[in-house]
Amino acid sequence: MRGIAGSTPLAPPRLLPWRLRPGWPLSVALLGFPVWWILGLANVVLLLISVPMAMTLWRRRGTLVAPSGFGAWVFFLVWVVLGVLVLWADAPLAEPGGGFSRLLVYGYRLAWYLSFTVVLLYIGNMSERELPSGKIGRLLGYMFVVTTVGGLVGSFFPSIQLTSPVEMLLPQGLSGNSFVRDIVHPRVAEVESILGFAQSRPMAPFAYANTWGAAYAFFLPYFLLTWIVRARMRRRVFGLIILAASLWPVVYSLNRGLWGALGAIGLFGVLKLLQVGGPRVIAWTAGMAAAGALVVALSPLPGLVQDRLDNPHSNNRRTLLAEETTRSALMGSPLVGFGSTRNVQGDLGQVAGGAKIGCKACASPPLGTQGHVWLLIFANGIVGTIAFCAFFTIRFLRHWRDRGAYSLAGCCVLIACTLFMITYDMVEVPLYTVMIAVALMWRARRDERGVPGSRPRVRALTAEEAE
């Protein structure tokens, strides 16, 4: 534009006074997670932010790279899509027929699998300069703080539950659906009588108590890294206080899967630090391990663990369900599965006896639930299960020898994920976090072999260099 004679030419007007920084979708979703949960939008927002992430990937489609093993993941996605062809096929040992809700559940899980794919490629194709690993680590550490606060609220005020705005706006048919209600109806805890008296199992800000347990284990390594290991003294003191406070819901939630996962990743972390660290790191690790062992010995945890083992509660139901799920899949559709879960025909041999007041777990869960591995076998068959597990196995084997902090944290997440898959349903936040962990490991190794701060280009990298 030409200005007044003798004056400086006018610059064209800017349409926006600011510019969104790379990684803003993650910040919006995770920093606002407590608010989204109260509004009934926590899971929906994580799905919606995949849209701007996918748009970014599309703009960079000529320069995108993918991690080794990604072909197995793509194959798994194709297998999931094929599941729609058998969605209404009758499965042995399951109730025949089925309505529109089956397609709703299938579409919901497919949307999550696509979202996992997008976040993996989005983070992996961002350079360290564009989206620092430290920023992502701090977001995951913040989510640990949110999980801890939710766990404490659920432990001390278990009866709190809200009617979210989304729940109020839903049609009666959808709001009455138990699957939809779990997603949009904020509750802070489940109250169960496992040891013979009412015991709260925290779940805020997530939809299920087991999701809370998985989130705690997955976010913990990044909290330790960003709030304690790589933190200033004031932040480190706050971090230690938060960590100590978080142990209350962990101990009293009676979550055996979480206890086992924390033990496994703790052992792996100690061994890795002893392997890669110098004398100072070894002394610090040994001291922390000894202090942790002393705290556990003096806490109520040993007694609660023994009481929990003496009261297996849902063991019979879980075992029977796993057996029925596997038998149904192998008899009816061993290769492709049945696309989604199905209601059990009967009541699992009358062992569970049906739902009771104060014992929701007494009901017979659908085939393909109570563990992600059973969902894979039933919904996606043996082929889909192998493809899913192959991808994460390849990623772990690629990184378990790495010395980087984010590789150590990511391997801890994958170890916990392997244990949780047997008993936890992992779709939603847990697997989303696992994919972020995988992306951070992959990007860290690739940047070590490439030019720091540069954006990777397919034509400039071989398959091994792209790793």
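Only a predicted model underlies this, so the values are computations on that prediction, with no experimental measurement involved.

(A) Summary view of helix α5 (residues 70-82). Spanning 13 residues, α5 covers 19 Å between terminal C-alpha atoms, matching the ideal 18 Å at 1.5 Å per step. For α5, every residue scored as buried is listed here: Phe-70, Ala-72, Trp-73, Phe-76, Leu-77, Trp-79 and Val-80.

(B) Structural detail: the packing of aromatic side chains. Summed over the entire model, instances satisfying the criterion amount to 27 aromatic pairs. Summarising the aromatic geometry, the rings of Trp-112 and Phe-116 are spaced 5.8 Å apart at their centres and angled 35 degrees between planes, so their arrangement reads as tilted. Placement of the pair is Trp-112 and Phe-116 together in helix α6 (residues 100-124), with a separation of four residues, close to one helical turn. Across the pair, Phe-116 and Trp-112 agree in class, each one buried.

(C) Fine view of the packing of α5 against helix α17 (residues 372-399). For the pair α5 and α17, interaxial distance at closest approach is 7 Å and the crossing angle is 170 degrees. It follows from the interaxial angle that α5 and α17 lie roughly antiparallel. Judged by the sense of rotation from one axis to the other, the crossing of α5 with α17 is left-handed. When α5 is examined against α17, the residues Phe-70, Ala-72, Trp-73, Phe-75, Phe-76, Trp-79 and Val-80 are found in contact with a partner set consisting of Leu-376, Asn-380, Val-383, Gly-384, Ala-387, Phe-388, Ala-390, Phe-391 and Phe-392.

(D) Layout of the confidence of the model for the protein. Averaged over every residue, the pLDDT of the protein is 83; residues scoring 70 or more account for 78%. Taken as a whole, residues 1-18 scores under 50 in pLDDT and shows four contacts with residues more than four places along the chain or in a different chain. In this model, residues 451-467 is a region of pLDDT below 50 whose contacts with residues beyond four sequence positions or in other chains number 35 contacts.

(E) How the structure looks around helix α13 (residues 256-276). With 21 residues, α13 should reach 30 Å at 1.5 Å per residue; the first-to-last C-alpha distance of 30 Å fits that figure. The set of residues buried in α13 consists of Leu-258, Trp-259, Ala-261, Ile-265, Phe-268, Gly-269 and Lys-272. Sitting at the amino-terminal end of α13 is Asn-255, which places a side-chain oxygen 3.3 Å from the backbone nitrogen of Gly-257.

(F) Seen up close, the pattern of salt bridges. All chains considered together, the criterion is met by five salt bridges. Between Glu-167 and Arg-181 there is a salt bridge, with its nearest N and O atoms 2.8 Å apart. Separated by 14 residues along the polypeptide, Glu-167 in helix α8 (residues 165-169) and Arg-181 in helix α10 (residues 178-184) bring together distant segments of the chain. Overall, the relative accessible area of 10% leaves Glu-167 in the buried class.

(G) Representation of the side chain of Asn-255 within the structure. On the secondary structure map, Asn-255 appears in the loop between α12 (233-252) and α13. Of note is the side chain of Asn-255, whose polar atom sits 3.3 Å from the backbone nitrogen of Gly-257. In contact with Asn-255, not counting residues within four places along its chain, are Arg-201, Ala-209, Asn-210, Gly-213 and Tyr-424.

(H) Here's a closer look at the nonpolar core. Counting residues in each nonpolar core, the largest one holds 115 residues, and the members touching the most others are Trp-73, Tyr-113, Phe-392, Phe-420 and Tyr-432. Among the elements that line this core, the one with the most residues is helix α11 (residues 209-229), at 13 residues. Setting aside anything within four residues of it in sequence, one finds Tyr-113 in contact with Trp-73, Phe-76, Leu-77, Val-80, His-372, Leu-375, Leu-376, Phe-388 and Val-427.

About the thresholds
- Residues numbered from 1 in each chain as written.
- Predicted model: local features only at pLDDT ≥ 70, side-chain atom pairs only at ≥ 80, totals over all residues.
- Heavy atoms only, no water.
- Helix = DSSP H or I, 4+ residues; strand = E, 2+ residues; numbered from the N terminus.
- Expected span 1.5 Å × (residues − 1).
- Buried < 20%, exposed > 50% of the residue type's maximum accessible area, 1.4 Å probe, protein only.
- Phe/Tyr/Trp six-rings, centres within 6.5 Å; stacked < 30°, edge-to-face > 60°.
- Axes fitted to C-alpha atoms, helices over the stretch in contact; angles between N-to-C directions.
- Parallel < 35°, antiparallel > 145°, perpendicular 65-115°, else oblique.
- Left-handed = near helix turned anticlockwise from the far one by under 90°.
- Contact = heavy atoms within 4.5 Å.
- pLDDT = per-residue confidence, 0-100.
- Polar contact = N/O pair within 3.5 Å; in protein donor to acceptor, adjacent residues only side chain to side chain.
- Salt bridge = Lys/Arg side-chain N within 4 Å of Asp/Glu carboxyl O.
- Core = buried A, V, L, I, M, F, W, Y, C linked by side-chain atoms within 4.5 Å.

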